[in-house]
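# Per-entry structural report
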Amino acid sequence: MSEAAYHQIRTGPSGPPPGCPVDHSSFRPLSAEYVADPYPTAARLREETPVVFAEDLGYVVVSRMADVTEVFMNPDVYSSENVQDPVFPLCDEAAAILADPEFDPVAVMSNRQEPDHGRIRQYTKKGFSNRRNKVLEPYIRRRAGELIDEMIAGGPPADFVAAVANPLPGEVVFRFMGFPESDDAQLKEWCGDRLAFSWGRPTPDEQVEIATKMVAYWKYVREFTARKRDQPGDDLASELLADHEANPDDLTYREVESILYGLSFAGHEPVTLYLGNALLTLLPRREVWDAMCADPAVVPLAMEEVIRWNSPQVGWRRVTTEDTTLGGVDIPAGTQVFLNLGAANHDPAVFEDPERYDLERSNARQNISFGKGNHYCLGAMFARLEANAIMETLTQQLPSMRLVHDQQVTRFPNITFRGPSRLDVTWDG
Ligand code: HEM
């Protein structure tokens, strides 16, 4: 069993692999223009330089669905060990804070390699059972209804992200895992920091502040796990601890803590963004929205095309373990690879007329927003169930909802996750 740190900290820039085409400045994923709309750049990269070293990022960017799929399906050549690492090197002061020996989560799932990954995933997967979904689905619908009612009571206009999309997915997964309600807001705040830490480009001062909070967040998860060991409940944390007690050498206590640390982020941040993207996509397409209001069976179809056309996750990463060739380009071992999921989801080789949102699209489910292969999103089914239940509740409760005109949509600049930070909506009183 080989354990690596959950976040590996890079302190120097990486250069282009010899022979790889280089993009000197046009691919700038943190620029305001790209954050607002990554798809024109995605199309250009896919057509002109589908495998290219992006100087601004220090990664080889891969943009065609066939190449992205090849990477996902060859985990021995393309390791996922870098997926939780800060994209850009950290300043020395922040790196020193994270060198605290007590900041010691280990790579467990998204960033763990075989065979350990499969072992840990098996234990965690048991928690995503039909029994749990049956308990959680009514909870999701009830809480969605309550939060929407509260939003309505406040009168239009309202920020849908603050009212529903931000709090609800956190509440759901935190109850699933066993975190107490009183800690929801604190956990959500830490997760915002974690997004900036691993996928954004914080300034040195921000890095220091975030690093301090990351240490506090990890300590919190450790204390929570210890409390659950003493007072188990009907939740994922208690189940994992019971598995550890039964098989202490097969699932270590540190792995249980680290799984909880991982899921406390993965289980809600992309769902929050997915809900925001859904409203941005569906509310202006009135015929689709009205069809959803008239028939809840339309909701899953509409939402699947949202996750292709306007994905909450437009990128993911890998690093090569050996010299290889991708799309005709030689890539040496140790190369950092950025998978341009947004570009692959709009690849005309897979999706006809890809820039069009098409409710009737028969192969929308071939989208790559949940990844592929051995690390395929463990929560994909759960995320779909949750988002669909929330959208069904919303369309039934507030069919007259629409976007406030001429609002400036802002998004947190980062290379992976994409969705509105706030979204003003209105409705008939
Ligand atoms: C719309 C929402 C979501 C999106 C777009 C999303 C996307 C992804 C992606 C792209 C990966 C990496 C796949 C790969 O490397 O091949 C992933 C992994 C993962 N996701 Fe999600 N996810 C979502 C929601 C969730 C939820 C709700 C949960 C849990 C409740 C979850 C848990 C996980 C876990 C545990 C992994 C690591 C799996 C592994 O490495 O074996 N995700 N997700």
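In case you missed it, the structure is sitting above this.
This text gives an overview of the structure that appears in the document.

Calculation criteria
- Residues numbered from 1 in each chain as written.
- Predicted model: local features only at pLDDT ≥ 70, side-chain atom pairs only at ≥ 80, totals over all residues.
- Helix = DSSP H or I, 4+ residues; strand = E, 2+ residues; numbered from the N terminus.
- Rg over C-alpha atoms; globule rule 2.2 N^0.38 Å.
- Buried ≥ 20, exposed ≤ 12 C-beta atoms within 10 Å, placed from the backbone.
- Contact = placed C-beta atoms within 7 Å.
- Near = placed C-beta within 6 Å.
- Nonpolar A, V, L, I, M, F, W, Y, C, P; charged D, E, K, R; others polar.
- Pairing = 2+ DSSP bridges.
- Axes fitted to C-alpha atoms, helices over the stretch in contact; angles between N-to-C directions.
- Parallel < 35°, antiparallel > 145°, perpendicular 65-115°, else oblique.
- Core = buried A, V, L, I, M, F, W, Y, C linked by C-beta atoms within 7 Å.

## Description of the overall build of the protein
Helix and strand content of the protein: 17 helices and 11 strands. By the compact-globule yardstick of 22 Å for 429 residues, the protein fits well, its C-alpha radius of gyration being 21 Å. Taken over the C-alpha atoms alone, the protein extends approximately 60 × 55 × 40 Å along its principal axes. Looking at the protein as a whole, 45% of its 429 residues are labelled buried. Pairs at least 24 apart in sequence give 77% of the contacts found in the protein among residues at least 6 apart.

## Side note on the site of the ligand
Inspection of the region around the ligand gives 27 residues, with Gly267, Gly371, His375, Cys377 and Gly379 positioned closest. Residue composition of the shell around the ligand, grouped by class: 16 nonpolar, 9 polar and 2 charged.

## Here's the deal with the sheet that holds strand β1 (residues 22-23)
Strand order in the open sheet formed by 6 strands is β1-β2-β3-β9-β6-β4, and the pairing between neighbours is mixed. Each of the sheet's edge strands pairs with one partner strand only, and the pair in question is β1 and β4 (78-79). Both strand β2 (residues 51-54) and strand β3 (residues 59-62) contribute to a ladder of 4 bridges, which runs antiparallel. Considered in β3, the bridge of Val52 is made with Val61.

## Some thoughts on unusual backbone geometry
Outside of glycine, negative phi angles account for most residues, and trans bonds account for most peptide bonds. For the peptide bond that leads from Glu114 to Pro115, omega is 0 degrees, which places it in the cis range. Relative to the assigned elements, Pro115 resides in the loop between α4 (92-98) and α5 (116-125). Following Pro156, the chain continues to Pro157 via a peptide bond in cis, the omega torsion being -5 degrees. Turning to its location among the elements, Pro157 is positioned in the loop between α6 (130-153) and β5 (158-159). Despite not being glycine, Asp406 has its phi angle at roughly 55 degrees, a positive value. Counting through the fold element by element, Asp406 comes out in the loop between β10 (402-403) and β11 (424-426).

## A short note on the packing of helix α10 (residues 204-230) against helix α11 (residues 236-246)
Contact geometry of α10 with α11 gives a least axis separation of 9 Å together with a crossing angle of 75 degrees. Judged by the angle between their axes, α10 and α11 are roughly perpendicular. Residues Thr225, Lys228 and Arg229 of α10 lie in contact with α11, whose contacting residues are Ala237, Ser238 and Leu241.

## What about the pairing of β2?
Side chains Val51 and Phe53 of β2 all project onto a buried face; the interleaved residues Val52 and Ala54 project onto the opposite face, where all are buried too. Joining the antiparallel neighbours β2 and β3 is a turn of 4 residues, in which Gly58 adopts a positive phi near 80 degrees.

## Quick notes on the sheet that holds β10
Overall, antiparallel pairing links the 3 strands, which are arranged β5-β11-β10 in an open sheet. Single-partner strands in this sheet number two, and they are β5 and β10. One ladder, built from 2 bridges, connects β10 with β11; its direction is antiparallel. Residue Arg402 lies in a different strand from β11, and its bridge partner there is Thr426.

## Thoughts on the environment of Leu403
Its location among the elements puts Leu403 in strand β10. Sequence separation between Leu403 and Leu260 is 143 residues, and the spatial gap between their C-alpha atoms is 36 Å. Aside from chain neighbours lying at most four places away, what touches Leu403 is Leu283, Pro284 and Val425.

## Remarks on the nonpolar core
Core analysis: the largest hydrophobic core is formed by 76 residues, its most contacted members being Ala144, Met177 and Ile390. Leave out the neighbours within four places in its chain, and Ile390 touches Ile140, Ala144, Leu168 and Leu275. Judged by nonpolar contacts, the second largest core, of 30 residues, contains Leu45, Val68, Trp316 and Ala343.

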